[in-house]
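Below are the chains, spelled out letter by letter.
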Amino acid sequence: MEETSLRKSSVILLICLLVILSGCSLLPGLVPGRGEQLPSIPDDDPYSDAGLPAGEAVIYYCGDEGAIPGSEQILRQHHDRISYITGFWYQIEASNPTRLIPMWNSPEEEIKDAVRLAHSHGVKVEALFHNLLYGSSSMSEQIATRLITDRRLSEQLAQNLVDLARRMEFDGINNDIEFVPPALRHQFTAFVEIISRALKRESIRVSLSVPAKTGDDPWNGWSGGYDYGALGALVDRLMLMTYDEHGWASESDGPIASAEWVERVVQYAVREVPADKLILGIPAYGFRWTSGQRNPVYLDYVTAMGPIWRGEAVLGWDNEAQVPMYRYGGSDGNLHRVWFENASSSSWKLDIMRRYQLRGFALWRAGMEDPDFWRVVGQKMKAERHQDHGS
């Protein structure tokens, strides 16, 4: 009798264990033991946003980057959860900083196709212009310096942006000028004012991407040139680049955007800029650091998860940073350290966005993310839609 009872108890225990394990498999982005349960939405059920808060869901939109897929498929699949696409499409020409050159992976015919696709689904379009990818940060700084210290160049660029937005039917322009020298802080604010005034006069929305910072150090080499308060007053949206806490230039490996660091950035930002103007940057990528190599390798979610799926490494979770990570020894004998983002880590950041009542989020960049990211977005918010230009 006791033996029969013991067998029954063992069967019941086994069934419970299988139920628990199958439940975990519904959310592959989540790590057991994390302490937060996210309700799963079966793929064949339509999600409902009834009762959810509305917010701006923005994706940075790119063409293919080698093996990393572009953003078009994300727009096609998840347009109902997207408010704006911000196209990483135009680089400032090095020899003439008033001229904008389409990116190598985004010819203008493809840009026009993206605009038509977005508008057909009620999604607005911003075009981003930048001073990046010249081969060195010193070149980026030189171009920024030349542009923002010459009012004539600034005004010509502003007019060219207006003409571009009209011709390409953009709803907005995103200003992504980086590597601004701290000594030119006030000149950069004046530059943003020139650009914003010209665009707003034509009812074209203006957003500005800014480096993340937890306080204002005017002489910080990376973020000192950006006066959050003054800049926030000039634009429709201030997009916080709350990522690369550890990245290309880091001396050591670490989280791309730890929850505690992101929250400190937001706490500072809301003291300087109205929360309904702030867009929280959410990274979709990761880095792999390798012993003996100076710079890490940029990874999308699928590539980051490769060693886990192949059984070469065990997925870990950093309870302080609230992000996934792992380490493993490669066949080359080197130690690899991988930090990245998944749906679970993004959930923490979306909660910060909601807790501080920010206007929305911007994903850098669409096509690199954990597919479950969009499931989590659907559980947290509904996409705000705009009827007019410049909203």
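Keep in mind that what you see is a predicted model, and the values were worked out from it rather than measured.

Cut-offs applied
- Residues numbered from 1 in each chain as written.
- Predicted model: local features only at pLDDT ≥ 70, side-chain atom pairs only at ≥ 80, totals over all residues.
- Heavy atoms only, no water.
- Helix = DSSP H or I, 4+ residues; strand = E, 2+ residues; numbered from the N terminus.
- Buried < 20%, exposed > 50% of the residue type's maximum accessible area, 1.4 Å probe, protein only.
- Lys, Arg positive; Asp, Glu negative; His and termini not counted.
- Salt bridge = Lys/Arg side-chain N within 4 Å of Asp/Glu carboxyl O.
- Polar contact = N/O pair within 3.5 Å; in protein donor to acceptor, adjacent residues only side chain to side chain.
- Contact = heavy atoms within 4.5 Å.
- pLDDT = per-residue confidence, 0-100.
- Pairing = 2+ DSSP bridges.
- Axes fitted to C-alpha atoms, helices over the stretch in contact; angles between N-to-C directions.

A.B. asks: Just checking my understanding: could you explain the side chain of Lys277 for this structure?
C.D. replies: Position of Lys277 among the secondary structure elements: in the loop between α8 (259-272) and β8 (278-283). The charged side chain of Lys277 is buried without a salt bridge, its nearest counter-charge being Asp236 at 6.2 Å. Engagement of the side chain of Lys277 in a polar contact is seen with the backbone oxygen of Val235, the distance being 2.9 Å. Excluding anything up to four places from it in sequence, Lys277 contacts Gly232, Ala233, Val235, Asp236, Arg237, Leu238 and Arg359.

A.B. asks: Any chance you could explain the confidence of the model for the protein chain here in plain terms?
C.D. replies: Keep in mind that low pLDDT regions are not for reading the predicted coordinates in detail. Mean pLDDT over the protein chain stands at 90; residues scoring 70 or higher make up 86%. Here residues 1-46 scores under 50 on pLDDT; set against residues more than four positions off or in separate chains, the count is 37 contacts.

A.B. asks: Would you take a moment to explain the sheet that holds strand β13 (residues 335-339) for this structure?
C.D. replies: Strand pairing in a sheet takes place through backbone hydrogen bonds and is either antiparallel or parallel in direction. In space, the five strands of this open sheet follow the order β10-β9-β13-β12-β11, with antiparallel pairing throughout. Looking along the sheet, the strands with just one partner apiece sit at the ends: β10 (297-299) and β11 (316-318). Neighbouring strand axes in the sheet, compared pairwise and without regard to direction, differ in orientation by 25° on average. In this fold helix α9 (residues 301-309) packs onto β10, β12 (323-329) and β13, with an angle of close to 50° to the strand it touches most, β12.

A.B. asks: Mind showing me how you'd approach unusual backbone geometry here?
C.D. replies: Only a minority of non-glycine residues have a phi that is not negative, and only a minority of peptide bonds are not trans. Residue Trp364 is joined to Arg365 through a cis peptide bond whose omega torsion reads -15°. Looking at the secondary structure, you find Arg365 in the loop between β14 (360-364) and α11 (373-380). The phi torsion at Leu133 lies on the positive side, around 65°, for a residue other than glycine. Within the element layout of this structure, Leu133 appears in the loop between β4 (124-130) and α4 (137-148). Classification of Leu133 as exposed rests on a relative accessible area of 61%. We note that Gln357 has phi near 55°; this positive angle belongs to a residue other than glycine. Considering the arrangement of structural elements, one finds Gln357 in the loop between α10 (343-355) and β14. The class for Gln357 is exposed, based on a relative accessible area of 65%.

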